[in-house]
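Residue strings, one per chain:
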Amino acid sequence: MTSRLVFQNELDKLNEEVASMAGLAVQAIETAVMCIVDKDARWKPEVERLDKEIYSLEQVIEKHCLDVIALHTPVASDLRTVSTCMKIITDLNRIGRYASDIVESYEVLAASNGFSRMVSIEHMAELVVGMVNDATQSFIKRDAESARELFQRDDEVDCLYDTTFRAVVTYMIEDPRKITAGTHIILVSRYLERIADHACNIGERVWYMVMGERLNPKDRKKDRESCNIDVQKEPVHYGSSHELEEK
Amino acid sequence: MDGSISVSNLNVWFETNHALKDVNLNINRNEITAIIGPSGCGKSTFIRCLNRMNDIIPKCRVEGRIEVDGEDINDKKMDVVEVRRRIGMVFQKPNPFPKSIHENIAYAPRLHGREEASTGKGSGPKRKSFTKQEIDELVEWSLKRAALWDEVKDRMNKSAYTLSGGQQQRLCIARALAVKPEIMLFDEPCSALDPIATAKIEDLLVDLKKDYTVVIVTHNMQQAARVADRTAFFYLGDLIEFGETKQIFEKPLQKLTEQYITGRMG
């Protein structure tokens, strides 16, 4: 086997490892959201297990990247591939940590009926899982354009976070008994918003890997102007005021 | 003296074999320019054009301009010996003379003599013999410049063949430096050396660029990446890409360059 073939095998293996780590990260977010939305405690240990597995995979892949650099001295697109792998495993590890942080809110949210429906959390999670999935696919398929599109979708997640934040604060002001649960809802939505940012980081690295240049900041400028939802008038995302009154 | 090289429309044929095709390239002073490419791509042919070494190959035809400090070195009026003095060359295998270490360095300066300022109208520069002391000083200077002095100063009269391969190569570099060139050409200078000797030569190359224009042909891409400021990639006689070494190794513009440096071709 020629050295290029050996090297190519190593790169293929590295790609597979990163793809499988990304798969676990997606699984972790989905399970974490299921845990708090369905109030099902059985999922909590599963998320913690996934988080640990993701962490150990990060160690394995980082070591693999260093081995490839030391033994094969990659250049050009090969070097960008290895450096991208090293960077995005950190993002995937952070995603795993956030999934674990989300289930930390399980006890508080399970005991609270105030935000029982948590519609926007589910919707946000759906968007975020889609973003992480697409970030992973853009890496696997070396698709720079779909990597760039992640930034537009991140704006949507940011808007949802802002909306959630303002709505929950409104409810907390109305009823101080909801402060604990409300704070946890804000935390969970914040974690999801951060996961979306990590998906964008992955997209940014994929862009660099494919194009060999940094993504122009102008091309990923967020349009926060469009996020003008008046939460006082539209609290419907979280169920009616009547439902909230019940608690 | 500037020492910059400007190559325009360079074509070389060996009988019917078109070895270099319309090469255009500018080589800057105080820089190391690396020439890379697979075997038979014309990189050695190119570097040998720079000091007219191809003149000695029968049925080799060179067309185009190679200007050093604005002078075409292929001009019929050019003294080829003077061209090769100004543009020194070190080859793949160390080739010291079968003489003492001292004599290896002293030989060429003794032959060339020392240039003296012209004395009258119409008279060119005259050459005068070196004194023994001047020769000794020049030998010491050359060996120091080639980072070999400390290793050989106590055995200057021993045969050059008693030196290791790496030392012999540095002796050849010192020998080229002794005639005060402006440009130094290296044709795979480390291919016969071990990694430690290679590292010493590479350090020396980086040091030499402060005073000289350096051109190096290398098969070792990592060597080009380590030492060169600019890199030219040749393939089948064509200059495919020429640019800053960082750009060539991080984001080559041409697909062929990418394929070669990543080992997918060659």
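Please refer to the structure higher up on the page.
Just so we're clear, the structure is a prediction, and the values are computed from it rather than from any experiment.

Q: How should the overall build of chain A be read in this particular structure?
A: Within chain A, the secondary structure is distributed over 8 helices and 0 strands. Order of helices (α) and strands (β) in chain A, N terminus to C terminus: α-α-α-α-α-α-α-α. The 247 residues of chain A split such that 40% are buried.

Q: Hey, could you run me through the overall build of chain B in this one?
A: Secondary structure assignment for chain B yields 10 helices and 12 strands. A globule of 266 residues ought to have a C-alpha radius of gyration of about 18 Å, and chain B, at 19 Å, matches this closely. In terms of overall dimensions, chain B has C-alpha extents of about 55 × 50 × 30 Å along its principal axes. Across chain B, contacts joining residues at least 24 apart in sequence account for 67% of those joining residues at least 6 apart.

Q: How should the pairing of strand 6 (residues 87-90) of chain B be read in this particular structure?
A: Consecutive side chains of a regular strand alternate in pointing toward one face of the sheet and then the other. Residue and element names in this part refer to chain B. What you see with strand 6 is no split at all: I87 and M89 on one side and G88 and V90 on the other are buried throughout. Where strand 6 meets strand 9 (residues 183-187), 4 bridges bridge the pair, whose relative direction is parallel. Looking at strand 9, one finds that V90 is bridged to F186.

Q: For this particular structure, what's the right way to read the interface of chain A and chain B?
A: Size of an interface: often given as the accessible area lost when the parts come together. With 9 residues of chain A at the interface, the matching set in chain B holds 10 residues. Sorting the residues of the side of chain A that touches chain B by element identifies helix 1 (3-37) and helix 3 (76-104) of chain A as the ones contributing at least two each. Of the residues that constitute the side of chain A that touches chain B, the class distribution is 3 nonpolar, 4 polar and 2 charged.

Q: What is the right way to read the sheet that holds strand 1 (residues 5-14) of chain B from this model?
A: Strands belonging to one sheet form pairs held by backbone hydrogen bonds; the direction of such a pair is parallel or antiparallel. All names here are of chain B. With antiparallel pairing, 4 strands are arranged side by side in an open sheet as 2-1-4-5. Two strands bound the open sheet, and with one partner strand each, they are strand 2 (17-27) and strand 5 (71-72). Across 2 bridges, strand 4 (residues 60-68) lies against strand 5 in antiparallel orientation. If you follow E67 over to strand 5, its bridge partner there is D72.

Q: I'm lost on the packing of helix 2 (residues 43-72) of chain A against helix 3 of chain A in this one. Help?
A: Helix-helix packing is characterised by the crossing angle of the two axes and by the distance between the axes. Residues and elements named next belong to chain A. Running from N to C, helix 2 and helix 3 cross one another at 165°; their axes reach a closest spacing of 9 Å. Compared by their axis directions, helix 2 and helix 3 come out roughly antiparallel. Judged by the twist between their axes, the crossing of helix 2 over helix 3 is left-handed.

Q: Any chance you could explain the packing of helix 1 of chain A against helix 2 of chain A here in plain terms?
A: All names here are of chain A. At their nearest, the axes of helix 1 and helix 2 sit 9 Å apart, and the two run at 160° to each other. One element, helix 1, and the other, helix 2, form an angle in the roughly antiparallel class. As for the relative orientation of helix 1 and helix 2, their crossing is left-handed in sense. Of the residues belonging to the contact of helix 1 with helix 2, the class tally is 19 nonpolar, 4 polar and 6 charged.

Q: Just to check I follow, could you spell out unusual backbone geometry for this structure?
A: It is generally the case that most residues other than glycine have a negative phi and that most peptide bonds are trans. Even without being glycine, A:T73 reaches a positive phi, approximately 35°. Residue placement: A:T73 occurs in the loop between helix 2 and helix 3. Look at A:T73 and you get partly exposed, because 13 C-beta atoms sit within 10 Å. In this structure, B:D69 takes a positive phi of about 50° despite not being glycine. For B:D69, the position within the fold is in the loop between strand 4 and strand 5.

Q: Whenever I open this one, the sheet that holds strand 10 (residues 213-217) of chain B confuses me. Can you help?
A: Residues and elements named next belong to chain B. Here 6 strands make up an open sheet; going across it, the order is 6-9-10-3-11-12 and the pairing mixed. Two strands close off the open sheet at either side, each with one partner strand: strand 6 and strand 12 (238-244). Recorded for the sheet is a direction-independent mean angle of 15° between the axes of neighbouring strands. Here helix 6 (residues 165-177) sits on the sheet and contacts strand 6 and strand 9; the angle it forms with strand 6, its principal contact strand, is near 170°.

Q: Help me understand the environment of B:P195, please; the structure alone is not making it clear to me.
A: Within the fold, B:P195 resides in helix 7 (residues 195-208). Placed 29 residues apart in sequence, B:P195 and B:G166 show a C-alpha to C-alpha distance of 9.7 Å.

Q: Sorry, what's going on with the pairing of strand 10 of chain B here?
A: Residues and elements named next belong to chain B. In terms of residue burial, strand 10 counts as a mostly covered element, since 5 of its 5 residues are buried. Side chains T213, V215 and V217 of strand 10 all project onto a buried face; the interleaved residues V214 and I216 project onto the opposite face, where all are buried too. For strand 9 and strand 10, the ladder comprises 5 bridges, and the chain directions are parallel. Bridge pairing links I183 to T213 in strand 10. Regarding the hand of the β-α-β motif, the stretch spanning strand 9, helix 7 and strand 10 is right-handed.

Q: Teacher, can you tell me more about helix 3 of chain A here?
A: The periodicity of an α-helix, 3.6 residues per turn, causes residues three or four places apart in sequence to face the same way. For helix 3 of chain A, which comprises 29 residues, the first-to-last C-alpha distance of 43 Å matches the rise-based estimate of 42 Å (1.5 Å per residue) to within 8%. Burial analysis of helix 3 of chain A places 21 of its 29 residues in the buried class, the great majority of the element.

Cut-offs applied
Residues numbered from 1 in each chain as written. Chains lettered and ligands numbered in written order. Predicted model: local features only at pLDDT ≥ 70, side-chain atom pairs only at ≥ 80, totals over all residues. Helix = DSSP H or I, 4+ residues; strand = E, 2+ residues; numbered from the N terminus. Buried ≥ 20, exposed ≤ 12 C-beta atoms within 10 Å, placed from the backbone. Rg over C-alpha atoms; globule rule 2.2 N^0.38 Å. Contact = placed C-beta atoms within 7 Å. Pairing = 2+ DSSP bridges. Nonpolar A, V, L, I, M, F, W, Y, C, P; charged D, E, K, R; others polar. Axes fitted to C-alpha atoms, helices over the stretch in contact; angles between N-to-C directions. Parallel < 35°, antiparallel > 145°, perpendicular 65-115°, else oblique. Left-handed = near helix turned anticlockwise from the far one by under 90°. Right-handed = clockwise from strand over helix to strand, strands pointing away. Expected span 1.5 Å × (residues − 1).

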